[in-house]
Each structure stands twice: as structure tokens, then as C-alpha cells.
Amino acid sequence: MTTLKEICRGLPLNPLPENRGRRNGIPHAPVRTPNLTAQEKKLALRNALRYFPPDIQKKLVLEFAEELRLYGHIYMYRFCPDIEMRAYPIEDYPCKTKSAAAIMLMIMNNLDPSVAQFPQELVTYGGNGQVFSNWAQFWLAMQYLSEMTEEQTLVMYSGHPLGLFPSHRYAPRLVITNGMVIPNYSSRDEYEKMFALGVTMYGQMTAGSYCYIGPQGIVHGTVLTVLNAGRRYLKAEDLSGKVFVTSGLGGMSGAQAKAAVIAGCVGIIAEVDEAALMKRYKQGWLMEISNNLDHCIARLRYGLLKDISSYPRSDFECESILLDARKNKIALSLGYHGNVVDLWERLAYELDTTGELLADLGSDQTSCHNPFSGGYYPVQLGFEEAKQLLSTNPGKFRTLVQESLRRQVAAINRLTDKGMFFWDYGNAFLLEAQRAGADVEKKGANKTEFRYPSYVQHIMGDIFSLGFGPFRWVCTSGDPQDLATTDSIAMSVLEDSIRRGVSTSVKQQYHDNIRWIREAGRHSLVVGSQARILYSDQRGRVSIAIAINRAIAEGRIKFSVTRERCHHIASGDDGKEVSSQQKTNAACLIHGNTFPFLLDMAVQNFVGDAFRGATWVALHNGGGVGWGEVINGGFGLVLDGSTEAEERAKMMLSWDVSNGVARRCWSGNGYAYETICQAMRDNAALKVTLPQKVVDENILEQALRS
């Protein structure tokens, strides 16, 4: 069993770890179909071998070629560490700075099998939300973090650890960019190819930034969404007896079952993958499960399903459970093991034959941003059959998915015509349904408007406008008591804010969040790290942060608490940045731009220049070659003769150059290799990942032929 200390030593090359391949007993990512040419396959192998010295390339290239052939991507399974992957207490990590240890904790939490959707493929959620692109990147990142000081920043380019760069103690210890691609090349097909080549990756919102805390992160948002949908569309403060129908129990969508119960309604969630369904049941997030729609009405007579040791055999069970729960106003989460299209069509059938509308609220959380690579499965095929078709005939799979989307929308439309309220949950469901030819366009509106609203604009928009949005914290001690203490602190802060006086709208949201904290503790929502999520406005989140910080200082909380802001918020930042005008004499201006094909470099320059002292920074779509063809970042630096300006110039301009040189070095440029090596000799705080050359090109041909 590998230890944390061993992981921090870097890639294990002498001896190489045993290649155990894909592990049994855990879910795996669907096979990708990037459709690489012969030359592109060689490039993918060459790119992967950059992490390894020539003396072991001949051994590794064969298995990398096999992974590319079998799975459409080189994950480097040999280097999947033999360690219990979880968020260890922060003091267990051998680091020079607690900030780096906290980052390592979050990385391992995102790869924890109880948290991650496909842990061995480094996918946290959403079907393709990567933490890293391959396991070599994991080892290198952990090594860099263990060596990092408070005067360095680790730079991550779409999973690739570019290296440690000099910065300062007030700068970020880590800057990450993922999937930065020039707009005109940012298509789904191009992405699949670039991911297979190992040059970019899809980080979702929180997987690629190591901030995912398990489904709890979306439980809270779903609770608030369902509560506010009930208020707005059903005119109901109490959702007892109301039915919420949706789909998805895999990654973030797995939160929906628990959210329905906390909101007080009946939630029916369809899931085609039995492993995902059972995982949520065993975690206590699902109360009941069934695999047969015909069971429900019979269960109206015989009561709720209690034993899942074998699926029930009588007819009409799911509707029976639904009707029983509606009649007695039971808060219930029912997992249907089957395709959501079948569920929607059965509900439409019940409406047509009995006149009874069984659903009040509806949505969808399949990974429709990734519908043709395992994010959405067609109703015409069983799960295993569909997975096989995905790898053998992706064109046919796409056709069936689009047909399935049309059927799903048709059933939803029949229910909404009679009073059910449906919304898009930001997963591209309506967009993909429109592309499939489904009837989702809003009559009399332009083609970009849909007949169903987006939850952001129509349900949560007013909440965001009040300044409310989600933020998270993780107790790095791993002690549940620390989490309980932070829960108590957060609840006290919100209650105190209400006592001091807030508007009616703000008070409602504070009450919802106080309810959330109380319910969260009772519903075993922690999966992985000891973490919590909460919505609050500026006053609330600042006050909570101060109160938690003081509790750490007083010893009421054992170790540090990390704070992260979710991307799901009205603005791109938590607060407003105040700029000031600097008076200078004989000021001199320096400008800089970056023009890469992949956009990591431009974005990293923009961010890195900002915290290293640039007077201003800019980021643009377009330039001399036109809109959509380039992204460029620029800066301005005022030199006014002061000592401070000199220090800013040294730090910022060094970064601005070495970032680009390191990127070009990694792409294989010999001059850049020499230049960055000299820069590292000149500055011991600079440590860059250097590429290994493929000395024997013949091994690429041999690997692909075999």
C-alpha cells in the first residue's frame, strides 16, 4: 500500500509499479470515440511519453497504445496509486505550507471513490468532469505541492502541472485553467480529439478546481430551487404531498433524492445505471427503489416497499408508492431503475387514461452537456447494450439519443399542458432537445428562447440578485465535531442577522438556509471530506468567515478551514474589486500580449500578472486575425521610480516571460527548453515540468500495429 509520503516523492519510475489495469467493482467512464487519424494517434502517444524517460518508454508505449485503442484516452492506469484515496486530516500531508496540504486534501477528496463518479478515470462528476487528464499528472502535482513554499505558485494547464513559479506570500498558491480553447475550435468533436491527444481537458465547474465536496454541494441548491419553484409556480410554502420528477443519480445529480425529502415533497428520480442507484441507496440518499414501473398502482393497496433484497414482482408498484406518498403527504425519495423517458411516458399515460396528473414539478439532471458520450442514454436500449453501441457505432448512438430526447419532451409537454411545471436545470437539456428537433421552442419568440424556463433566470434569479450564492467550507482536521461547530456558528450568525433586521426577501432566504443547516446535520450529507455548503449574501458570508476564523484562533476548531466559492453565483466574484488611480511622475508603460492556440497561456498570464503586481490586465476575444480565432491577454505596468514598482516589475515580468517559455518548452521547442533550464538555475524557486523526448520513433509504429 502506497503512503502519502511516497506519493509526494513524484512519479514512481524505479521500479515501475505493477500495471493492474482497470479495477473491478467500481464504475468506469464510457469509452470515448475521438476518431483520431494515424498521425494523431502517434501524437497522442508521444504526448503521453513526455512524462517518462527514454529508458522506460518502450515498455510503457505498448500499454498506452492499448488504452488509447480500448478506451479512447490514455489514463495511465499503471500509475493509479495503490492508496486509500480520501481526504486525510491536513496534518498527515508532508508539506512545507498548510496551504499546499489543504490543496492536496481537496485533490484526494475529489478522487475518493465515495465522491468521484469514475475514480480510476479521474472523473469526479458529470461524466467527464476531470481532476486530471492522467495519473502521471496526479503524481507530479502532489510532488510540487509537497515542495511548495509560501513564495511559490503552482500553475496547472488543463491537468498538466506546468511547474512551481516564484510569486509572493499574498499570491495564490495555485492557479488553474481548464479547457481554454479558441472559440472557433471549441466544438464538441474538437474537444474529444484534443482530450485524446492529452492537450486539454474538461474540468466542469468544481472537479478541475478540486472544490467538489460530493453531491451535498447540489443538495442545497436543489432544496432552494424546489422550495422557490413551489412558491412561485404552485403558490405553496408547504410542499407536502407534491411530486417532483427528475432523472440522474450519478454525480451531482445524485443529490436530488435527498433534496426532495428535505424540501418535504415526494421525489421520483430515474437512473439507468444500477451501480449509481445502489450507491445512493447505500449512502442513505434514497429511501426506496424499484425497477418496474408497472408496480406502482398495486403498491397503493399493499403499502410502501420496505425490502430491496429483491425487486417487487407485482404490477404498478412505482405509481402505487407515488400515490400512497401523495395521499398521506409523506416526504419520500424513490429511485426508479430505468430510463427517464419510460417514466415520463408512463406518467403521461396515466394522465391520458385516468385524468390524474401525478407530477407537480419536473426537471432533468442527466449530463446533457455530454449527451453522445455517456451523459444521456437512449430509451430504446438497455444500459449495457447502449454502452456497447456507444463504442462500436457512435453515429447510431447519437441518432437514438436524439429520438429519445424527442420522446421525452413530447411526454413532458403533455403533462405541462395540464398543469405540471417543468424547468431546465442548466444541464443543456433544452438545447440538446432543440437540436434533436423536439418541440421546445417558445411560440412567438426567437429561436434562442424555450417554452420552459431556466432555473437560474426564473427561479433563482431573484435570489442571486439579492447577493445570495453558494460558498463551501471544508474542515481540514477531518473531525465531524469541527463541522458541527462550524454549522452552529453559521446558524448563529444568520439568526443574529435576522434579529438585527433585514428585508423580508433576505429574511426568507436566511430562514431557508437555517432550515438547511438543521436538516443537513440530520440527513448524513457528508460524503468524503467534512464539508458544508451554504447560500448567503455578502453580510452573511463575511460574518460567518470572521466567526469561523476566530473559533480557530480560540481553539474551538482544531485545524484550518478551507473556503471556496462555487461558480454558481450571480457574478464572477464574491465581491467588488476597488481600483485606485496612482499619481506618478515620468511614468513608463510596458504592454504585453499572448496569442496561443490553446488558451491556458493567455488566461494564466492574465491571472498571474494580476496578482504579481500589474497596474492593469486585460483579456480579449479577437485580435489581428479576427473574432473567434484568438484570445489574447495584455497588461500595463506603471514604473514610477519607486522601490515598490521595481519589485513589481521583477516579479511580474519574470512570470510573464517564464510562463510562456515553460509552455513552449512543454510543446517541444528546444530553445525554450534551454531557456527555462537556465532560468531554473538562476532562480531556485522556479521548478518547471520538463518534457522527455521519444528517442526511438519506431516504438510508436510498433505499439499501434500491435
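Residues numbered from 1 in each chain as written. Predicted model: local features only at pLDDT ≥ 70, side-chain atom pairs only at ≥ 80, totals over all residues. Heavy atoms only, no water.

Going by the annotation in an unreviewed UniProt entry, the name recorded for the chain is urocanate hydratase, with Coturnix japonica given as the source organism. If you open the UniProt record of the chain and go to Sequence similarities (unreviewed entry), you find "Belongs to the urocanase family." One UniProt comment on the chain, placed under Catalytic activity (unreviewed entry), says "4-imidazolone-5-propanoate = trans-urocanate + H2O". (UniProt positions renumbered as here; feature names shortened; annotations may be inferred.)

**Observations regarding the nonpolar core**
Most often, soluble globular proteins have nonpolar side chains that are buried together. Grouped together as the largest cluster of nonpolar side chains are 124 residues, with contacts concentrated most on Phe52, Phe138, Trp423 and Trp516. Discounting residues that sit within four places of it in the chain, Phe52 has contacts with Leu11, Leu13, Gln57, Leu60, Phe64, Met76, Phe79, Ala136 and Gln692. (Core = buried A, V, L, I, M, F, W, Y, C linked by side-chain atoms within 4.5 Å. Buried < 20%, exposed > 50% of the residue type's maximum accessible area, 1.4 Å probe, protein only. Contact = heavy atoms within 4.5 Å.)

**A closer look at the sheet that holds strand β5 (residues 174-177)**
Spatial ordering of the open sheet is given by β5-β3-β4-β18, a layout of four strands whose pairing is mixed. Looking at strand neighbours, the two that pair on one side only are β5 and β18 (687-688), the edges of this open sheet. Taken together, the two bridges between strand β4 (residues 160-166) and β18 define a ladder with antiparallel strand orientation. When the sheet's bridge partners are listed, Gly163 is paired in β18 with Val688. Packed onto the sheet, helix α5 (residues 135-147) meets β3 (152-157), β4 and β18 and runs at close to 15° relative to β4. (Pairing = 2+ DSSP bridges. Helix = DSSP H or I, 4+ residues; strand = E, 2+ residues; numbered from the N terminus. Axes fitted to C-alpha atoms, helices over the stretch in contact; angles between N-to-C directions.)

**Quick word on the packing of helix α7 (residues 216-233) against helix α8 (residues 256-263)**
At a closest axis distance of 8 Å, the pairing of α7 and α8 adopts a crossing angle of 45°. Of the possible angle classes, the one that applies to α7 and α8 is oblique. Here α7 runs over α8; the crossing is right-handed. Residues Val219, Thr222, Val223, Val226 and Leu227 of α7 form the contact with α8, whose own contacting residues are Lys258, Ala259, Ile262 and Ala263. Residue composition of the contact of α7 with α8, by class: seven nonpolar, one polar and one charged. (Parallel < 35°, antiparallel > 145°, perpendicular 65-115°, else oblique. Left-handed = near helix turned anticlockwise from the far one by under 90°. Nonpolar A, V, L, I, M, F, W, Y, C, P; charged D, E, K, R; others polar.)

**Observations concerning the environment of Lys242**
Tracing the chain through its elements places Lys242 in the loop between α7 and β6 (243-247). Taking relative accessible area as the criterion, Lys242 reaches 28% and is therefore assigned partly exposed. It is 8.3 Å that separates the C-alpha atoms of Lys242 and Gly264, two residues lying 22 residues apart in sequence. If we skip the residues at most four places from it in the chain, Lys242 touches Leu234, Cys265, Val266 and Asp360.

**Digging into the sheet that holds strand β8 (residues 288-290)**
Strand order in this open sheet of six strands is β8-β9-β7-β6-β10-β11, and the pairing throughout is parallel. Strands at the two margins of the open sheet, each flanked by one partner only, are β8 and β11 (421-422). In the sheet, β6 pairs with strand β10 (residues 361-362) via two bridges, with the strands oriented parallel. Paired with Val245 across the two strands is Gly362, which belongs to β10. Strands β6, β7 (266-271), β9 (332-337), β10 and β11 of the sheet are contacted by helix α12 (residues 340-354), whose axis makes an angle of about 145° with β6.

**Focus: the pairing of strand β12 (residues 469-475)**
In terms of residue burial, β12 counts as a mostly covered element, since seven of its seven residues are buried. The two faces of β12 match: Gly469, Phe471, Trp473 and Cys475 on one face and Pro470, Arg472 and Val474 on the other face are all buried. Direction of pairing for β12 relative to strand β13 (residues 531-536): antiparallel, over a ladder of six bridges. Residue pairing for β13: Trp473 is matched across the bridge by Arg532.

**Focus: the environment of Trp516**
Structurally, Trp516 is set in helix α20 (residues 504-522). Overall, Trp516 belongs to the buried group, its relative accessible area being 0%. Separated by 293 residues in the primary sequence, Trp516 and Val223 place their C-alpha atoms 8.2 Å from one another. Not counting residues within four places of it along the chain, the set of residues in contact with Trp516 comprises Gln216, Val219, His220, Val223, Ile262, Leu525, Arg532, Ile533 and Leu534.

**Remarks on α7**
Here α7 contains 18 residues, and its C-alpha end-to-end distance of 25 Å stays within 8% of the 26 Å for a straight helix at 1.5 Å per residue. In the segment just after α7, Lys235 is the residue with positive phi, at about 55°. (Expected span 1.5 Å × (residues − 1).)

**Points about empty space enclosed by the protein**
Counting across every chain of the model gives three cavities of 30 Å³ or more. Volume-wise, the largest cavity comes out at about 90 Å³. Taken together, 14 residues form the lining of the largest cavity, with Asn47, Ala48, Asn134, Leu197 and Gly198 sitting closest to its centre. Breaking the lining of the largest cavity down by element, the ones donating at least two residues are α2 (38-49) and α6 (188-197). Counting residues per element, the lining of the largest cavity draws most heavily on α2, at three residues. When the residues that make up the lining of the largest cavity are grouped by side-chain class, the tally is seven nonpolar, six polar and one charged. As a volume, the second largest cavity reaches approximately 40 Å³. In terms of lining residues, the second largest cavity is bounded by Pro30, Val31, Arg32, Gly127, Asn128, Asn370 and Ser373. The residue inventory of the lining of the second largest cavity, partitioned by class, reads two nonpolar, four polar and one charged. (1 Å grid on protein atoms, 1.4 Å probe; cavity = no way out; pocket = protein on both sides within 12 Å on 5 of 7 lines; lining within 4 Å. Points joined across faces, edges and corners; volume = space filled by probe spheres on them.)

**Comments concerning the pattern of salt bridges**
Applying the stated rule across the entire model yields 30 salt bridges. We note a salt bridge from Glu697 to Arg46, for which the minimum N-O separation is 2.8 Å. One end of the pair, Glu697, is in the loop between β18 and α25 (698-705); the other, Arg46, is in helix α2, with 651 residues separating them in the sequence. Within the structure, one salt-bridge network assembled from shared partners comprises Asp417, Asp439, Lys443 and Arg451. (Salt bridge = Lys/Arg side-chain N within 4 Å of Asp/Glu carboxyl O.)

**So, the packing of aromatic side chains**
Remark: the centre distance and the inter-plane angle together describe each pair of aromatic rings, the angle taken between the planes. Evaluated as defined, the whole model comprises 25 aromatic pairs. With centroids separated by 6.1 Å and ring planes inclined at 65°, the aromatic side chains of Tyr191 and Tyr202 adopt a geometry described as edge-to-face. You can see Tyr191 sitting in helix α6 and its partner Tyr202 sitting in the loop between α6 and α7, a full 11 residues away along the chain. These aromatic residues form a ring-pair network of at least three members: Tyr51, Phe52, Phe64, Phe79 and Trp666. The ring of Tyr71 has Arg22 sitting right over it, with the charged end atom 4.0 Å from the ring centre. Above the face of the Phe372 ring, Arg398 is positioned so that its terminal group lies 4.1 Å from the ring centre. (Phe/Tyr/Trp six-rings, centres within 6.5 Å; stacked < 30°, edge-to-face > 60°. Lys NZ or Arg CZ within 6 Å of the ring centre and 35° of its normal.)

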